[in-house]
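A look at the structure
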Amino acid sequence: MKLTSKIIVLLCLFLGHFSHVLAEESNKHFPHPDRIRYDGSCMTIDGKDVFIYSAAFHYFRCPEPLWRDRFKKIKEAGFNTVETYIPWNWHERKMPNSPDAPGNFDFADLKRWLKMAQDEFGLYTIVRPGPFICAEYSGGGYPRWIAKFRPEGFNDFWLRSADHQHIRWCLHWYNAICKELVEEQITHKPKGEKGIILIQIENEYNHHDCSNKEELLKALYQSVRKNNIDIPVFTCLTQECRNSKDPELSQVFDSDNYYVGLSSAPDCAYRMAALRQAQPDAPGFVTELQGGWFSLVTGRLSEEHYSDARHFKALGLMSMLGGATGLNYYMFFGGSHFDGWGARGMTTSYDYNAALRENGATSDKYYESKALGSFIQTYGKKLVRAEGGPCLLENAPKSLFGGIRVAQDGTRFIFLHNTDPKQSIKGHVRIVPGKSGKHSESMYNINQHGEKVLISASGNEDGPLPHINPIEITFDLPALGSKVYVLPAGSSANEGSWWPQPAMRALTPDRLPQPVRIASALKKEDDSKKARWISTPCLVSLSDLGINDFRYSLYRAKVKLDAHQAANEQFLLFNMFTRDIVSVLVNGKPARRLFPDQADAQSWTTRDCFERIRPDEYDNRFDVTGLLQEGNNEILVAYENLGHAHGYFPMEELAGIRQAGLSVTESALTHPLEWECATDMGGITAGWHLPEYVPENWTKIKLDTTYEIPRKGNKVQPQSTPDGLFTWYRIEFELPAQKENIWIPWLARINASGNGYMWLNGHNIGRHWEAGPQREYYLPECWLHFGGKKNVLVMGLRQTANGAVLKAIEVAPYPQGAEIRN
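Rules used in this analysis
Residue positions are given per chain, counting from 1 as you read along its sequence in written order. Two thresholds apply to this predicted model, a pLDDT of at least 70 for residue-level local features and 80 or more for giving and counting side-chain atom pairs, whereas whole-chain, interface and lining totals are computed over all residues. Calculated side-chain values reflect all of the structure's heavy atoms, with hydrogen atoms and water omitted. Secondary structure follows DSSP: runs of H or I at least 4 residues long count as helices, runs of E at least 2 residues long count as strands, and numbering of each begins at the N terminus. A radius of gyration in this sense is built from C-alpha atoms; the matching globule rule multiplies 2.2 Å by the number of residues raised to 0.38. Accessible area is worked out with a 1.4 Å probe on protein chains only. A residue is then buried under 20% of its type maximum, exposed over 50%, and partly exposed in between. Put simply, a salt bridge is a Lys or Arg side-chain nitrogen that is within 4 Å of an Asp or Glu carboxyl oxygen. Multiplying one less than the number of residues by 1.5 Å gives the expected span of a helix. In this analysis, two residues are considered to be in contact whenever any of their non-hydrogen atoms come within 4.5 Å of each other. Aromatic pairing here means that ring centres of Phe, Tyr or Trp (its six-membered ring) are within 6.5 Å. Orientation follows from the plane angle: under 30 degrees is stacked, over 60 is edge-to-face, and everything else is tilted. By definition, being over a ring means that NZ of Lys or CZ of Arg is both within 6 Å of the ring centre and within 35 degrees of the ring normal. Here, the term nonpolar core denotes a set of buried Ala, Val, Leu, Ile, Met, Phe, Trp, Tyr and Cys residues that are joined through side-chain atoms within 4.5 Å. Using protein atoms alone on a 1 Å grid, points that fit a 1.4 Å probe yet trap it form a cavity, whereas open point sets bounded by protein on both sides within 12 Å along at least five of seven lines form a pocket; residues with an atom within 4 Å of a point count as lining. Grid points are joined across faces, edges and corners, and a volume is the space filled by probe spheres set on the points. In this classification, Asp, Glu, Lys and Arg are treated as charged, Ala, Val, Leu, Ile, Met, Phe, Trp, Tyr, Cys and Pro as nonpolar, and every other residue, Gly included, as polar. Pairing of N or O atoms within 3.5 Å defines a polar contact, subject to two protein rules: one partner must be a possible hydrogen donor and the other a possible acceptor, and residues neighboring in sequence count only if both atoms are side-chain atoms. Any two strands between which DSSP finds at least two bridges are classified as paired. In this analysis, axes come from line fits to C-alpha atoms, helices being fitted only over the stretch in contact, and the angle between any two N-to-C directions falls in the range 0 to 180 degrees. Handedness of a crossover is defined as follows: orient the strands so they point away from the viewer, and if the path from the first strand over the helix to the second runs clockwise, the crossover is right-handed. What pLDDT conveys is the predictor's confidence in a given residue, as a value from 0 to 100. Disulfide: a pair of cysteine sulfur atoms within 2.5 Å of each other. If you view the pair so one helix is near and one far, a crossing is left-handed when the near helix is turned anticlockwise from the far one by less than a right angle, and right-handed when it is turned clockwise. Each angle receives one of four descriptions, namely roughly parallel if under 35 degrees, roughly antiparallel if over 145, roughly perpendicular if within 65 to 115, and oblique otherwise.

The next thing to look at is the overall build of the protein chain. Within the protein chain, the secondary structure is distributed over eleven helices and 44 strands. Compactness check: the protein chain gives a C-alpha radius of gyration of 29 Å against a globular reference of 28 Å for 822 residues, within 12% of the reference. If one aligns the C-alpha atoms of the protein chain with their principal axes, the spans along those axes are about 95 × 65 × 50 Å. Looking at the protein chain as a whole, 63% of its 822 residues qualify as buried.

With that out of the way, let us pick up unusual backbone geometry. Geometrically, the link from tyrosine 330 to methionine 331 is a cis peptide bond, its omega value of -15° lying close to zero. Note on placement: methionine 331 falls in strand β11 (residues 324-333). At the junction of tryptophan 499 and proline 500, the peptide bond is cis and its omega measures out at -10° in the coordinates. Note that proline 500 resides in the loop between β21 (497-499) and β22 (516-517).

This part is about the environment of glutamate 696. As for its placement among the helices and strands, glutamate 696 is situated in the loop between α11 (682-685) and β35 (699-702). Taking the C-alpha atoms as reference, glutamate 696 lies 9.3 Å from lysine 524; in sequence the two are 172 residues apart.

Pairs can form between side chains of opposite charge whenever their charged atoms are close. This model, assessed by the stated rule, comprises 49 salt bridges. When the shortest N-O distance is used, the salt bridge between aspartate 544 and lysine 148 registers 2.8 Å. Taken together, the residues aspartate 544 in the loop between β24 (534-536) and β25 (552-561) and lysine 148 in the loop between β6 (124-128) and α5 (164-181) connect sequence positions 396 residues apart. Across the pair arginine 749 and glutamate 810 runs a salt bridge whose closest N-O atoms are separated by 2.4 Å. Here arginine 749, found in strand β38 (residues 746-752), pairs with glutamate 810, found in strand β43 (residues 806-813); they are 61 residues apart in sequence, far enough to count as distant. The network of salt bridges with shared partners includes Glu303, Glu304, Arg517, Arg711, Lys712, Arg749, Glu776 and Glu810.

In this section: helix α6 (residues 213-226). In this model α6 runs 20 Å from its N-terminal to its C-terminal C-alpha over 14 residues, within 8% of the 20 Å that 1.5 Å per residue would give. Where α6 is buried, its residues touch α5, β7 (196-200), β8 (233-236) and β9 (252-258). One or two steps after α6, the chain reaches asparagine 228, where phi turns positive at roughly 70°.

Bringing the packing of aromatic side chains into the picture now. Pairs of aromatic rings are described using the distance from one ring centre to the other and the angle between the two planes. The final tally for this structure, using the stated rule, is 57 aromatic pairs. An aromatic cluster is defined as three or more aromatic residues linked by ring pairs; in this entry it consists of Phe57, Tyr59, Phe60, Phe71, Trp90, Trp113, Phe121, Tyr137, Phe333, Trp341 and Phe550. When the ring centre of tryptophan 533 is taken as reference, the NZ or CZ atom of arginine 556 above it lies at 4.2 Å.

In this structure, Phe71, Leu181, Met320, Phe332, Phe375 and Leu806 are the most contacted members of the largest nonpolar core, which totals 191 residues. The dominant element in this core, judged by the number of residues it contributes, is α5, at nine residues. Among residues more than four places away in sequence, those in contact with phenylalanine 375 are Leu317, Met320, Gly380, Leu383, Phe413, Val484, Val486, Trp499 and Pro500. Tyr555, Met576, Val584 and Ala655 belong to the second largest nonpolar core, which has 30 residues in total.

The space that makes up the largest pocket amounts to roughly 890 Å³. Taken together, 34 residues line the largest pocket, and the ones lying closest to its centre are Arg357, Asn359, Ala361, Gln816 and Gly817. Looking at which element gives the most residues to the lining of the largest pocket, the answer is helix α9 (residues 364-383), with three residues. Considered class by class, the residues forming the lining of the largest pocket number ten nonpolar, twelve polar and twelve charged.

By the element assignment, serine 399 lies in the loop between β13 (392-394) and β14 (400-406). Residue classification places serine 399 among the buried residues on the basis of a relative accessible area of 13%. Within the structure, the side chain of serine 399 is placed 2.9 Å from the side chain of asparagine 418, a separation counted as a polar contact. Those residues in contact with serine 399, other than ones at most four positions away along the chain, are His417, Asn418, Thr419, Asp420 and Ile425.

The subject of this paragraph is the sheet that holds strand β40 (residues 763-768). The pairing of strands in a sheet happens through backbone hydrogen bonds and is either parallel or antiparallel. Spatially, β35-β23-β36-β42-β39-β40 is the arrangement adopted by the six strands of the open sheet, whose pairing is antiparallel. Looking at which strands have only one partner, the edges of the open sheet turn out to be β35 and β40. On average, each strand axis in the sheet is inclined to that of its neighbour by 25°, with strand direction left out of account. Pairing of strand β36 (residues 726-733) with strand β42 (residues 791-798) involves eight bridges; the strand directions are antiparallel.

What follows concerns the pairing of β9. Of all the seven residues making up β9, seven are buried; the element is thus mostly covered by neighbouring parts of the structure. Residues Val252, Asp254, Asp256 and Tyr258 line one face of β9 and the alternating positions Phe253, Ser255 and Asn257 line the opposite face, and both faces are buried. Bridge count for β8 against β9 is four bridges, and the pairing is parallel. If you follow cysteine 236 over to β9, its bridge partner there is serine 255. Bridge count between β9 and strand β10 (residues 284-290): three bridges; the pairing is parallel. Paired with tyrosine 258 across the two strands is leucine 289, which belongs to β10. Traced from β9 through helix α7 (residues 266-278) to β10, the parallel crossover comes out right-handed.

Here we come to the confidence of the model for the protein chain. Per-residue confidence for the protein chain gives a mean pLDDT of 92, with 93% of residues at or over 70. Of all helices and strands in the protein chain, the one with the weakest mean pLDDT is helix α1 (residues 16-25) (40), whereas β6 scores best (99). Low pLDDT (under 50) marks residues 458-463, which in the prediction has 20 contacts with non-local residues, meaning those over four places away or in another chain.

This paragraph deals with the sheet that holds strand β31 (residues 631-640). The six strands lie next to each other as β24-β34-β25-β31-β27-β28, forming an open sheet whose pairing is antiparallel. Lying at the two open borders of the sheet, with one neighbouring strand each, are β24 and β28 (589-590). Bridge count for β25 against strand β34 (residues 675-678) is three bridges, and the pairing is antiparallel. What sits directly across from leucine 554, in β34, is alanine 678.

Let's shift gears to the state of the cysteines. For the structure on display, the rule yields zero disulfides. Cysteine 236 provides the cysteine sulfur closest to cysteine 268, a residue in no disulfide bond, and the two sulfurs are 15 Å apart. Judged by its relative accessible area of 0%, cysteine 268 is buried.

As a further point, take α5. Taking 1.5 Å of rise per residue, 18 residues should cover 26 Å, and α5 covers 25 Å from first to last C-alpha, within 8% of that figure. N-cap assignment for α5: the residue whose side-chain oxygen lies 3.0 Å from the backbone N of glutamine 165 is aspartate 163.

Right, let's talk about the packing of α7 against helix α8 (residues 309-322) for a bit. In contact at an axis separation of 7 Å, α7 and α8 are set at 35° when each is read in the N-to-C sense. As α7 runs across α8, the sense of the crossing is right-handed. For the pair α7 and α8, the contacting residues are Pro266, Cys268, Ala269, Met272, Ala273 and Arg276 in the first and Leu315, Met318, Ser319, Leu321 and Gly322 in the second. For the contact of α7 with α8, the residue count by class is eight nonpolar, two polar and one charged.

Among the secondary structure elements, arginine 556 is positioned in strand β25. Setting aside residues no more than four positions away along its own chain, arginine 556 makes contact with Trp533, Glu634, Ile635, Leu636, Glu674, Trp675 and Glu676.

Right, let's talk about the packing of α8 against α9 for a bit. At a minimum axis distance of 9 Å, the contact between α8 and α9 shows a crossing angle of 15°. It follows from the interaxial angle that α8 and α9 lie roughly parallel. The two elements α8 and α9 cross, and the hand of that crossing is right-handed. Between α8 and α9, the residues in contact are Ala309, Phe312, Lys313, Leu317 and Met320 and Asp364, Lys365, Glu368, Ser369, Leu372, Phe375, Ile376 and Leu383, respectively. Of the residues assigned to the contact of α8 with α9, the class counts are eight nonpolar, one polar and four charged.

As structure tokens, this is what we get:
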């Protein structure tokens, strides 16, 4: 969706002391100004100006035993802050009766994460509780069950709207989460201790079209304040709060998100300058500075995204050139979608091509972040109240971009960036602070759907710092390189130093353990006899049955037919609550799918996202010709919950089968059936996924040990034909003992057909989608056993048109990622 705001590029920045005046005149109210406040330059915490250098790290995407490792690396990179979303659906999984009910919340893990960040690692924290968080996360953070309360007759998109009932539910969430955050605020901690410094309301509201947005925003702000949250409140990409005149929304400052093309880092400088011009009484803060990108089923892995370490560094430095005094890299550590909590269409991996990889390894971006962290630690106090911005560069190559910022003590920071990703440049350039020229090229932001959104810009030819003399320096920049030349006050042009300075890299071991190739597995198919069946004469949603996660379920109908019915009822039709997938056995034989014809991956689920499923729409249809018989018949159905969409109408839909039965026509249901439901697959009920389970009557099969398993790719799964509904595999393996000073992350590389889940020693490590591109799955070391102890990996797979065949699997160390630790 296009941004509704028009961003005006600032080409004449105000003097530092004038920003203080504007802040004083803005009527900002800070309940505890001695602890935390802000002005047009920066945040001031405990009386000291602070450059906020923040890393996005979601506690719900990382096993808790590994939090400490991630925090340690974040701290060592020089960050002083860590940021997280807080997803409503993660913390309230059971549906309450009404928005006024006390709810069924569990915030224990969040509280432990905050305590570890603040008390153990001395990091400030930033929290973003939505209610909409996007984040490529299930439902964008909204619980699945909330669709149950969507008002009858509401024709537009209800979630995120200013509808009274929606606001009531949002307050239900905010009243709960804010109470949990009160004592974690820095204002409620002894001076010198760390705590929460910022809280965000809503998220990227410019991307959502609805009326009366201010009503929802004001309700959220009022809830924050009524629940004793007294730290600063902010939004991101929310025009309604950008220099608002409303008595309440004027107390909320807006921030920007920067997702730009490989050669578009200069846009960050111009957009930051524009933000500061639009909000002269608030600091320039980038809530999401692009740290990479996510991956989609049937798409490309994050590692293939263009956002490399050069891009990562350039975005940070160019944002600083525009006047940013707060940067939050999103994601700094991405993690994984364990238990299927990613939004519909997402891979299990949320690696994000981030500075800290999914397995915790440090990437090239990590060392750039560490170099930036050192630069901020050295000069942050000078940068936060510096003035300047993009400048005219005389006698410069076309690809050279830059400008200057001058600290109050006269220190000059000359930012230079080579926008050419292929060619290095070097030479002499004359920086003219009084002339920056007009930024005439179009600017774009890249939204969550990968679409380029045009940012309109206008400006004049009056540049910043007309009182600073031109400076001529010699430069040498690699392709897409960025540097800052720091000139102390009173020094000549040749007496400066170049920053950021390279960071020391971790040592890596000379040799890694050999992969463990799995030669055999145990296999089991029919698990329906182990299921726990619930009679449901009238089908209801899975939320009504207490299921608000993303498991596989079973349905069963037993029907007695006469000869005429058996011969003429040739179709089996399903009216769904949302566009999920079912597979069918009729009297033990697979039914032929009529629609959707391609149902083996998530790619088809984007179909009709702007149309709600009608009560007379049959979104899964089968041909049962020749499968029915006179007398008793059994129809067994495996239900694949594809996940909760984080946008469009499926975000407002429940899950499960609403109505199903036989028919003489493909377009209308003529013989509804009564159904039983098992909310879990029989194998789960029987504990087949647990390591302590002792297999009985499982078949031992040989696996291919010579085939080179692809490490990524689409449509490289084995080809077979379905012969059932759900197939289970159990694999056992051992790993060598870990050396005390060497850290090695491990993966499972799998070639299989079928969709389903995987369990490592009883822990759900996410979904297997046969379509790809993901073929390697992270095995968290906290869930592995080493030194000759047995590990158990279990796969439960719904059969697709290619069946559910495990051809080959190996457990291997990541080719990059091992480190020598002191």
